[in-house]
Amino acid sequence: MSMASYGYQPHLVPFIVVAHSTTEAESFVLVEIGKSFVSIRDTLGCDTHFGRERGSTLIDFTDMPRAIMALSNATTDVQHLPNMLRDQIDLVFQLMEDFPDAGSDETGIQMRKRLQILRCRIKNLETELNRMSSSAQSMTQMVYATLQQRDNDLNRRYAADMRVITAITLVFLPGTFVATLFSASFWNFDPRSSGPLVSKWVWLYFFMTAALTLIVLGVWRGYTGLKQSIKSAKDAWRTGLVFKWLGREKNRSDEEAGHEGPKDK
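Conventions and cut-offs
Residues numbered from 1 in each chain as written. Predicted model: local features only at pLDDT ≥ 70, side-chain atom pairs only at ≥ 80, totals over all residues. Heavy atoms only, no water. Helix = DSSP H or I, 4+ residues; strand = E, 2+ residues; numbered from the N terminus. Buried < 20%, exposed > 50% of the residue type's maximum accessible area, 1.4 Å probe, protein only. Contact = heavy atoms within 4.5 Å. Areas by Shrake-Rupley, 256 points an atom, 1.4 Å probe, with all protein chains shown as cover. Phe/Tyr/Trp six-rings, centres within 6.5 Å; stacked < 30°, edge-to-face > 60°. UniProt positions renumbered as here; feature names shortened; annotations may be inferred. Salt bridge = Lys/Arg side-chain N within 4 Å of Asp/Glu carboxyl O. Core = buried A, V, L, I, M, F, W, Y, C linked by side-chain atoms within 4.5 Å. pLDDT = per-residue confidence, 0-100.

K.L.:
Looking at this structure, how should I read the overall build of the protein?
P.N.:
Secondary structure summary: the protein contains 5 helices and 0 strands in total. Reading the helices (α) and strands (β) of the protein from amino to carboxyl end gives α-α-α-α-α. Split into buried and exposed, the 265 residues of the protein put 20% on the buried side. Counting only contacts in the protein whose residues sit at least 6 apart along the sequence, the fraction spanning at least 24 positions is 75%. As displayed, the protein has an accessible area near 19,800 Å², and 62% of this comes from carbon and sulfur atoms.

K.L.:
Just to check I follow, could you spell out the packing of aromatic side chains for this structure?
P.N.:
Two measures describe an aromatic ring pair: the distance that separates the ring centres and the angle between the ring planes. Following the criterion strictly, the structure yields 3 aromatic pairs and no others. In textbook terms, an aromatic cluster arises when at least three aromatic residues are bridged by ring pairs, as seen for Trp-201, Trp-203 and Phe-207.

K.L.:
Can you walk me through the UniProt feature "transmembrane region" (unreviewed entry) in the protein in this structure?
P.N.:
UniProt feature "transmembrane region" (unreviewed entry): in the numbering of this structure it lies at residues 164-189 and 201-220. End C-alpha atoms of residues 201-220 are separated by 30 Å, and the span's content is 95% helix alongside 0% strand.

K.L.:
I would appreciate a short explanation of the pattern of salt bridges in the present structure.
P.N.:
All told, the structure shown has 8 salt bridges when counted by the stated rule. Through salt bridges with shared partners, a single ionic network connects Lys-231, Asp-235 and Arg-238.

K.L.:
Honestly, the nonpolar core in this entry has me stumped. Any pointers?
P.N.:
Where a protein is soluble and globular, its nonpolar side chains tend to be buried together. Ranked by internal contacts, the top residues of the largest apolar core, which has 31 residues, are Leu-44, Ile-68 and Leu-115. At the level of elements, α1 (12-44), α2 (64-77), α3 (81-98) and α4 (106-182) are the ones that each hand at least two residues to this core. Excluding its chain neighbours within four sequence positions, the residues that come into contact with Ile-68 are Ile-40, Leu-44, Ala-136, Met-139, Thr-140 and Val-143.

K.L.:
Where do I start with the confidence of the model for the protein in this structure?
P.N.:
Reading fine detail from the predicted coordinates is not recommended where pLDDT is low. For the protein, mean pLDDT is 81; residues scoring 70 or higher make up 86% of the total. Ignoring residues within four places in sequence, the model shows residues 1-6, a span with pLDDT below 50, making 6 contacts including any to other chains.

Listed below in structure tokens is the structure:
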């Protein structure tokens, strides 16, 4: 076919455009996005092998959620490409049907075969996008589950430390209390003293201790009850406003129905 005959094929330029667009889409998805996908997958150990090799380092999850989110955004941004490329192929086929003389030669037959191959490539591209998108969701769940497991391990470790601290406190607290009590001036254990061992004001210590304990517990209990009362009052006030508004709406509806009734009659 001569070069001049290509001018009578209106589907030639769209065919070149869709072929180039398909190649560019494959390059971006399979190379650019695919490279990030493989890197994240290998870092997490989510490759085709079920176990990580011995001697592998621990995974740093500090930046992993952001990387997976970037991968998800990238796959979402190009989800429209397969449908767009299919529309372009349909346009080329439509032009070939509208101008049957232009696509009836050997070149037209080869172009139809090439378009079928492009359809298969676009289907594979769509499958790869769906696979990476599903894998990104699975990896996101894995990262958050692993982070939650690490938090649980840290909480258990901190809980064990708190139990140790509590046990040590319980061991030393009675001794500290007894030492503080007997170091007060209410007691007189001096063997050279002929006075009483216990001061007559020792009751003041127990009275003040009991009084302060009751005051602290009372303030705490009163503050808690006050917060609950304020919350209940706010809820009741909001509920009252809602019922009042509903009542006004009902009265307005009844009045409108009453005014419309005589007119209907």
